[in-house]
Amino acid sequence: MPLTYVLDTSTLSASEIVGKQRRFPNNTSRRQPGSPGGIRRILQTSITRPFGIAISNGVAYVTSQTDGTVTSCTVSNSTLTNCTTAASGFNLPDGIAISNGVAYVTSAGDKTVTSCTVSGSTLTSCALAASGFTNPFGIAISNGVAYVTNAVGGTVTSCTVSGSTLTSCALA
């Protein structure tokens, strides 16, 4: 069964979820009727205000709005370890997606998407990939197209992925 990771900004933690049951900080759980599965463990509690998460080649990259960073952690036996700052200088980073060795980070503060080269557990050569979004939040990449959710206005923008830049952006 595939693993799902959920970030909780109120408890500053990440949870590993199976199915639709989730354990809350007081060790209670809630489950939708008829849904199997549940939480396995709280993974990491030292990341300040985590928002987005992407996992590539055994490394989890987590955005942190409070300090404008992306933290990288080794994923080992369903646990996040060896967490360090992978990149900094983002303006309210929210979403993150990784495709073909490039990380794309949405930043609500300056309404942009930044691309960075993934180099082990660090992100290097960060540069503007696209701008002009209305509070970009989440990002997903599929078949050479990036889909960016815009929290203000309730829209999704699609862009063509061209190397480390996003081009031909339009409402999806």
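Look up: the structure comes first, before these words.
Residues numbered from 1 in each chain as written. Predicted model: local features only at pLDDT ≥ 70, side-chain atom pairs only at ≥ 80, totals over all residues. Heavy atoms only, no water.

Moving on: the overall build of the protein chain. Scanning the protein chain from N- to C-terminus turns up 0 helices and 17 strands. The burial tally for the protein chain puts 41% of its 172 residues in the buried class. Long-range pairs, those at least 24 residues apart, make up 34% of the contacts in the protein chain with a sequence separation of at least 6. (Helix = DSSP H or I, 4+ residues; strand = E, 2+ residues; numbered from the N terminus. Buried < 20%, exposed > 50% of the residue type's maximum accessible area, 1.4 Å probe, protein only. Contact = heavy atoms within 4.5 Å.)

Turning next to the pairing of strand β11 (residues 102-107). In terms of burial, β11 is largely enclosed, as 6 of its 6 residues are buried. What you see with β11 is no split at all: Val102, Tyr104 and Thr106 on one side and Ala103, Val105 and Ser107 on the other are buried throughout. Across 5 bridges, the pairing between strand β10 (residues 93-99) and β11 is antiparallel. Among the inter-strand pairings, Ala97 is bridged to a residue of β11, identified as Tyr104. As paired elements, β11 and strand β12 (residues 112-119) share 6 bridges and run antiparallel to each other. Its bridge partner being in β12, Ala103 is matched across the sheet by Cys116. Turn length for the β11-β12 hairpin, with the two strands adjacent in sequence and antiparallel, is 4 residues, and the turn residue Lys111 shows positive phi of about 55°. (Pairing = 2+ DSSP bridges.)

Below, the discussion takes up the packing of aromatic side chains. Going through the model one piece at a time under the given rule, you end up with 1 aromatic pair. Judged by centre distance (6.0 Å) and plane angle (80°), the rings of Phe51 and Phe137 are edge-to-face. Of the two residues, Phe51 is situated in strand β6 (residues 50-56) and Phe137 in strand β14 (residues 136-142); the sequence distance between them amounts to 86 residues. A residue is classified by how much of its surface remains accessible, and Phe51, at 23% relative accessible area, is partly exposed. With a relative accessible area of 38%, Phe137 lands in the partly exposed category. (Phe/Tyr/Trp six-rings, centres within 6.5 Å; stacked < 30°, edge-to-face > 60°.)

If you trace the 4 strands from one edge of the open sheet to the other, you get β14-β15-β16-β17, paired in antiparallel fashion. On the outer flanks of this sheet lie β14 and β17 (165-171), each paired with one strand and no other. Averaged over all neighbouring strand pairs, the angle between strand axes comes to 25°, with direction disregarded. Relative to β17, strand β16 (residues 155-162) is paired through 5 bridges, and the arrangement is antiparallel. Residue pairing in the sheet places Val161 in a bridge with Leu166 of β17. (Axes fitted to C-alpha atoms, helices over the stretch in contact; angles between N-to-C directions.)

Following the sequence through the fold, Gly89 ends up in the loop between β9 (79-88) and β10. As for Gly89 and Thr69, which are separated by 20 residues in sequence, their C-alpha atoms are 6.4 Å apart.

So, on to the sheet that holds strand β7 (residues 59-64). Spatially, 4 strands are ordered β6-β7-β8-β9 in an open sheet, and the strand pairing comes out antiparallel. Of all strands in the sheet, those bounded by a partner on one side alone are β6 and β9. Within the sheet, the average angular offset between the axes of one strand and its neighbour, ignoring direction, is 25°. By the bridge criterion, 5 bridges tie β6 to β7 in an arrangement that is antiparallel. By the bridge assignment, Ile53 is partnered in β7 with Val62.

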